[in-house]
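Working through the structure, step by step
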Amino acid sequence: MSDTTQDGAIATSVRPSPDDGLTPAELAAKYGLSVSGARPGLAEYIRQLWGRRHFILAFSQAKLTAQYSQAKLGQLWQVATPLLNALVYYLIFGLILGTREGIPNEVFVPFLVTGVFVFTFTQSSVMAGVRAISGNLGLVRALHFPRAALPISFALQQLQQLLFSMLVLFLIAIGFGSYPKLSWLLIIPALAMQFVFNTGMAMIMARLGSKTPDLAQLMPFIMRTWMYASGVMFSIPMMLADKPAWIANVLQLNPAAVYMDLIRFALIDGYGSENLPPHIWAFALGWAILFGIAGFVYFWKAEERYGRG
């Protein structure tokens, strides 16, 4: 609208806007706008993750292939690395320190290799989780997708790597007199529960690592302590026979030791149920449910903050 003033000039007036006086939140509600990157509800978040399942699988396979792409032996290092670790532990702990005393050699060798392989699965999942967000900021900032896809994908990558290693573990078990039997099928639920536990741990560490990059420098020391406390290289009950019983019970029921013992029990002849703590299957399921759910919810709570700042 316009009006002519006394000196002939033209003055304009603007019609008042119906949005005048509304706060930004009221404007957004009026026009159906939402915050960019806002956290969806938990059910919707799960639905979005399911919709990205093909991306999660493809991303994990790509990471697995690229991991040793610069090495001449390539994917063989997936098996060679834990085997070399097991050899070092056998020389130091088994022969020099004598932790295999009381355990026949045909049991101790697959016992040790199983412990190294299974603990490495958890260790690698946790370490990959620490860098899942902080190490992929370009992807996080460039694309819109549920961020939980990253730690889940890294845990899946470690599961695929373990499955390659399991083929070698089976050959070692057979070579030391533990032949395939029905109990080997128990490895499947044990690994499934460990994968859920590892994924929950990876998501917890992904959220912590996204704001504290220095955590990646601290984690190797924490993981090494956890390894020594989990009986990877020795039998906890035998090693702590002269200590109060509650110490051995606590160490045997920590998640890493639980999953190692279940797979040892399933795989190795001579490693019977007398070596397992009571209700070990219930503890394995409980650890998986607790960390799987708690880790997922804990990660989802910070969904809208990943990649910012």
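For clarity, every value in this text was computed on a predicted model and none was experimentally measured.

Ranked by internal contacts, the top residues of the largest apolar core, which has 84 residues, are Leu49, Phe119, Ala148, Met219, Met233, Tyr259 and Phe299. The leading source of residues in this core is helix H5 (residues 105-130), at 15 residues.

Right, let's get into a nonpolar patch on the surface. On the surface, a cluster of nonpolar side chains totalling about 740 Å² of accessible area is made up of Leu84, Leu87, Val88, Leu91, Ile92, Leu95, Ile96 and Leu97. If you trace the backbone, Leu84 turns up in helix H4 (residues 77-96).

The next point concerns the packing of aromatic side chains. Following the criterion strictly, the structure yields 13 aromatic pairs and no others. A ring pair is formed by Phe108 and Phe111, whose centres lie 6.2 Å apart and whose planes are at 20°; its orientation type is stacked. Of this pair, Phe108 and Phe111 both sit in helix H5, three residues apart, roughly one helical turn. The class of Phe111 is buried, set by a relative accessible area of 1%. Here the aromatic rings of Phe111 and Tyr271 are separated by 5.6 Å at their centres, their planes lie at 50°, and the arrangement is tilted. Of this pair, Phe111 sits in helix H5 while Tyr271 is found in the loop between helix H12 (255-267) and helix H13 (280-301), placing the two residues 160 residues apart along the sequence. An aromatic cluster is built from Phe119, Phe197, Trp226, Tyr259, Trp287 and Phe291, whose rings are joined through pairwise contacts. The ring of Phe145 carries Arg147 above its face, with NZ or CZ at 4.8 Å from the centroid. Against the face of Phe111 rests Arg264, its NZ or CZ located 3.6 Å from the ring centre.

With that settled, consider the environment of Arg141. Note that Arg141 resides in helix H6 (residues 137-142). Residues Arg141 and Gly307 lie 166 residues apart in sequence; the distance between their C-alpha atoms is 5.8 Å.

Further remarks concern a positive patch on the surface. Taken together, Arg39, Lys211, Lys301 and Arg305 make up a surface patch of like positive charges. With respect to the helices, strands and loops of the structure, Lys301 is situated in helix H13.

Now for the pattern of salt bridges. Going through the model one piece at a time under the given rule, you end up with four salt bridges. Ionic pairing is found between Lys243 and Asp242, a salt bridge with its closest N-O pair at 3.4 Å. For the salt bridge of Arg264 with Asp261, the shortest nitrogen-to-oxygen distance reads 3.6 Å. Taken as a pair, Arg264 and Asp261 lie in helix H12 at a separation of three residues, close to a single helical turn. Across this residue pair, the class does not change: Arg264 and Asp261 are buried.

Conventions and cut-offs
- Residues numbered from 1 in each chain as written.
- Predicted model: local features only at pLDDT ≥ 70, side-chain atom pairs only at ≥ 80, totals over all residues.
- Heavy atoms only, no water.
- Core = buried A, V, L, I, M, F, W, Y, C linked by side-chain atoms within 4.5 Å.
- Buried < 20%, exposed > 50% of the residue type's maximum accessible area, 1.4 Å probe, protein only.
- Helix = DSSP H or I, 4+ residues; strand = E, 2+ residues; numbered from the N terminus.
- Patch = residues over 30% accessible without salt bridge, like charges linked within 9 Å, V, L, I, M, F, W, Y side chains within 5 Å.
- Areas by Shrake-Rupley, 256 points an atom, 1.4 Å probe, with all protein chains shown as cover.
- Salt bridge = Lys/Arg side-chain N within 4 Å of Asp/Glu carboxyl O.
- Phe/Tyr/Trp six-rings, centres within 6.5 Å; stacked < 30°, edge-to-face > 60°.
- Lys NZ or Arg CZ within 6 Å of the ring centre and 35° of its normal.
- Lys, Arg positive; Asp, Glu negative; His and termini not counted.
- Charge placed at Lys NZ, Arg CZ, Asp CG, Glu CD.

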